[in-house]
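Residues per chain, in single letters:
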Amino acid sequence: MNSIKDQLQVLKDSLPEACTLVAVSKTKPVEDILQAYDSGHRNFGENKVQELVSKVEHLPHDIKWHMIGHLQRNKVKYIAPFVHLIHGVDTFKLLREINKQGLKVNRTIHCLLQVHIASEETKFGFSEEEVKSIVADRELDSLTNVKLVGLMGMATNTSDETKVSGEFRKLRELYEWVQNKATHSNVAFDTLSMGMSGDYKLAIKEGSNMVRIGSSIFGYRN
Ligand SMILES: *Cc1c(COP(=O)(O)O)cnc(C)c1O
């Protein structure tokens, strides 16, 4: 297997300029993250609060940390002081809690609404209709310490590329709908987070501008 640095470079060369690469370092040691960091990489993603918080202590402070996993309300307070972007907002209650914790640490926390685009039952996320009603909800005006900056979705885990592309396309269409229709001051969509190691090429073809890639950089996880 090539070094982490080599893998990162190969990936970066294959991504469009405007696409942000989030290196998903979950389960991987701090040393692996430092290898990527030393080659100039700054955006990293983790899916568990406890793991994220313990890694942050051992790593440079200019890393942009992305919380990509399911986030429980009672854990928001641990990441509110430093998190760069929360990808998995999947309830309005969670958004209220993020706002509350953002207020306490005097930060405006950037969030993506997670949308359920896959046909699998187990994945979290809003429906298309729910997203449309959230971005029109007047209560958003009172949530001064959150900013909704886009959408995140995971496609069905299948080799059927037509299906995967179709799911990504629907997410992009919803993203564009919000960009054109939303009028809240704290809704400013510029981030479409879709694509992982197995499907990022399809995601980019469908308009992704943020990919979350783990195993293709750091190797397989146990
Ligand atoms: C683990 C994970 C990824 C990265 O998956 P790979 O297949 O290793 O690239 C991306 N997004 C989320 C939400 C994840 O949990």
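Caption draft 1: Spotlight on the environment of Q72. Structurally, the position occupied by Q72 is in the loop between β3 (64-67) and α4 (76-79). Judged by its relative accessible area of 42%, Q72 falls in the partly exposed class.

Caption draft 2: Examining the side chain of T156 more closely. With respect to the helices, strands and loops of the structure, T156 is situated in the loop between β6 (146-153) and α7 (161-181). Under the relative-accessibility criterion, T156 is labelled buried at 7%. At a separation of 2.9 Å, a polar atom in the side chain of T156 contacts the main-chain amide nitrogen of S119. Not counting chain neighbours up to four residues away, the residues in contact with T156 comprise A118, S119, E120, K163, V164 and E167.

Caption draft 3: Inspection of the site of the ligand at higher detail. Close to the ligand lie V24, K26, I68, M154, M196, S197, R212, I213, G214, S215 and R221, which account for all nearby residues. One of the side-chain N or O atoms of R212 is found 2.9 Å from a nitrogen atom in the ligand. Measuring from an oxygen atom of the ligand, one finds a backbone N or O atom of S215 at 2.8 Å. Its residues assigned to classes, the shell around the ligand comprises five nonpolar, three polar and three charged.

Caption draft 4: Broad picture of the pattern of salt bridges. A full pass over the atoms with the stated rule returns twelve salt bridges. Here D62 makes a salt bridge to R42, at a shortest N to O gap of 3.2 Å. One end of the pair, D62, is in the loop between α3 (49-56) and β3; the other, R42, is in the loop between α2 (30-38) and β2 (43-46), and 20 residues separate them in sequence. Since its relative accessible area comes to 40%, D62 is described here as partly exposed.

Caption draft 5: Representation of the environment of H41 within the structure. With respect to the element layout, H41 can be found in the loop between α2 and β2. Residues H41 and S159 lie 118 residues apart in sequence; the distance between their C-alpha atoms is 30 Å. If we ignore the near neighbours within four places in the chain, the residues touching H41 are L8, K12, L21, A23 and A36. Looking at H41, its side chain comes within polar contact range of the main-chain oxygen of N43, at 2.8 Å.

Caption draft 6: Main features of unusual backbone geometry. Residue T27 is not a glycine yet carries a positive backbone phi of 70°. Backbone geometry places N106, a non-glycine residue, at a positive phi of 55°. Structurally, N106 is set in the loop between α5 (92-104) and β5 (109-115).

Conventions we followed
Residues numbered from 1 in each chain as written. Predicted model: local features only at pLDDT ≥ 70, side-chain atom pairs only at ≥ 80, totals over all residues. Heavy atoms only, no water. Helix = DSSP H or I, 4+ residues; strand = E, 2+ residues; numbered from the N terminus. Buried < 20%, exposed > 50% of the residue type's maximum accessible area, 1.4 Å probe, protein only. Polar contact = N/O pair within 3.5 Å; in protein donor to acceptor, adjacent residues only side chain to side chain. Contact = heavy atoms within 4.5 Å. Near = heavy atom within 4 Å. Nonpolar A, V, L, I, M, F, W, Y, C, P; charged D, E, K, R; others polar. Salt bridge = Lys/Arg side-chain N within 4 Å of Asp/Glu carboxyl O.

In short, shape yes, function no, at least from these values alone.
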